[in-house]
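So the chains spell out like this:
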Amino acid sequence: MYFRKAVHLLGVSSLAIVMVCASEGAARAQEEDPSARLARLEALVAEQSRRLSEQEAMLARQAELLEAQSRRIDERWRVDNRYSEVAPVPAGATLLGPAGLEAWRAGQDTTGQNPDGRSPIQPPPPPSLNERRLQLAAVPEEVAVLSPKGRLTFDVSAEYTRSSANRLVFRGVEIVPGLQIGVIEASEADRDTFGATIAGRYGITDRIEVDARIPYLKRNDTITTVQQRDEAVTRTIDLKGDGIGDVEAGIRYQINGGEKGRPVFVAGLRVKSDTGEGPFDIPRDEFGVASRLATGSGFWGIEPSLSMLFPSDPAVIFANISYFAHLPRDIDKREGDILIGRVDPGDSIGLGIGFAFALNQRFSYSLGYKHNYIRPTSTELNNITEKSDDLQIGALTFGMSYRITDRFSLNGNFEFGVTEDAPDMRFVLRVPVVF
């Protein structure tokens, strides 16, 4: 449009110059020879034609520069606003940022839509879970995104768990407040557990994943008891244990694809073996005190679970629920004068919720809370069933992930106990290697 206006103005100016020259020529017509006057007019027209050609070439060059600059502005405008598609505009219009938008407005109907029903600018579709893998790398393992088809991942991890408990017990009779007859017993227990695990995950399809875990544990418990009688009696028990823990295997299935921003649900099933040395497999002295610590539960277990991943930019919300069922078994073992019969470890119900957030292309973190309710354990002692207390284990979780390369990443997960029965602290360092 600017080009046409410039050419029109240039044409009008040239015509005016020609008319002025023609007037001057008419005034001199009576004085000059007709042939000389014609030669001078031809030279003047040739000069004006040359100047007009130069002006046209200059305007064409400026139009090319303007077009290139407009393309750069349009590209920058679209990148800054993250627009993925611009609808067709009327012929002759340019898709250049605001200019393209004005062109679309000029061609839209009264409903504010183009004839094909599209809006001028459509936002890009939300990224899939595969595209959010970095963002989800810091979430707990039980709600991690599934491996793509054919991808094998080895996971080497190390962990440390610290638990401590202090208890003061009075065994006797209180006559009046402050006057007691009996024994005061104080105990302090410090438990440290070191572990290393080799795990593997493989994507059978884009929605089915299998995994297996082989743990190794090293435990150290220090229990100190003080009894106040005529004089204080202190006893310290230092127990240790190390060896292979309970091997686990599982399968997970992604129920839906999470289209149109809907949450993704993943069902899982995990089986735990009794490969570790259980509490009824270790020797004890005549007082029933174990000579070393167990590295496993001594029972098989099965755990169905359901996880949810809900993308909500710029974060991903996750949650899970699980039920871990121990399979009871008959011990049929005598410890001193006590015959241990059928033992049914308490099942547990687990809940967890949190969110994950990626700060950049390499670093992400997650915050959450997990809680487990462990039902009482039933034990037959001399044909009498005894039940333990139930347990409430709650912990705040914090995870971090840093991607070193496309194949290696470094993940750290912390758990801080917030209930009396929970461990004080648990730290897990994982190094996934993708093949």
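Residues numbered from 1 in each chain as written. Predicted model: local features only at pLDDT ≥ 70, side-chain atom pairs only at ≥ 80, totals over all residues. Heavy atoms only, no water.

**Student:** Before we move on, can you summarise unusual backbone geometry with the specific residues and values?
**Tutor:** Positioned with a positive phi, Asp-332 is a non-glycine residue whose angle comes to about 50 degrees. Its relative accessible area of 59% is what places Asp-332 among the exposed residues. Of note, the phi angle at Asn-383 is positive, near 65 degrees, even though the residue is not glycine. You can see Asn-383 is positioned in the loop between strand 15 (378-381) and strand 16 (384-387). (Buried < 20%, exposed > 50% of the residue type's maximum accessible area, 1.4 Å probe, protein only. Helix = DSSP H or I, 4+ residues; strand = E, 2+ residues; numbered from the N terminus.)

**Student:** Any details on the packing of aromatic side chains? Residues and values, ideally.
**Tutor:** Throughout the structure, instances matching the rule amount to 8 aromatic pairs. With 4.6 Å between their ring centres and 35 degrees between their planes, Phe-414 and Phe-427 make a pair best called tilted. Of the two residues, Phe-414 sits in strand 18 (residues 409-417) while Phe-427 sits in strand 19 (residues 425-434), which places them 13 residues apart along the sequence. For Phe-427, a relative accessible area of 26% gives the class partly exposed. One aromatic cluster is present, formed by Phe-398, Phe-414, Phe-416 and Phe-427 through successive ring pairs. Arg-329 extends its terminal NZ or CZ atom over the ring of Phe-299, reaching a point 5.1 Å from the ring centre. (Phe/Tyr/Trp six-rings, centres within 6.5 Å; stacked < 30°, edge-to-face > 60°. Lys NZ or Arg CZ within 6 Å of the ring centre and 35° of its normal.)

**Student:** If you had to explain the sheet that holds strand 12 (residues 338-344) to someone new, which residues and values would you point to?
**Tutor:** Read across the open sheet, the 4 strands follow the order 11-12-15-16; overall the sheet is antiparallel. The open sheet terminates on both sides in strands that have one partner only, identified here as strand 11 (329-335) and strand 16. Shown here is a sheet whose adjacent strand axes are inclined to one another by a mean of 25 degrees, direction ignored. Two strands pair when backbone bridges link them, and strand 12 and strand 15 are joined in this way by 3 bridges, in the antiparallel orientation. Residue pairing for strand 15: Ile-340 is matched across the bridge by Leu-381. (Pairing = 2+ DSSP bridges. Axes fitted to C-alpha atoms, helices over the stretch in contact; angles between N-to-C directions.)

**Student:** Can you explain a negative patch on the surface? Please cite residues and give values.
**Tutor:** A cluster of like negative charges, contributed by Asp-389, Asp-390, Glu-420 and Asp-421, occupies part of the molecular surface. Following the sequence through the fold, Glu-420 ends up in the loop between strand 18 and strand 19. Given a relative accessible area of 80%, Glu-420 falls into the exposed group. (Patch = residues over 30% accessible without salt bridge, like charges linked within 9 Å, V, L, I, M, F, W, Y side chains within 5 Å. Areas by Shrake-Rupley, 256 points an atom, 1.4 Å probe, with all protein chains shown as cover. Salt bridge = Lys/Arg side-chain N within 4 Å of Asp/Glu carboxyl O. Lys, Arg positive; Asp, Glu negative; His and termini not counted. Charge placed at Lys NZ, Arg CZ, Asp CG, Glu CD.)

**Student:** Mind laying out a nonpolar patch on the surface, listing which residues take part and the relevant values?
**Tutor:** Taken together, the side chains of Tyr-253, Ile-255, Phe-265, Leu-306, Ile-321, Ile-349 and Leu-351 present a nonpolar region at the surface, about 580 Å² in accessible area. As for its position among the elements, Ile-349 is in strand 13 (residues 348-358).

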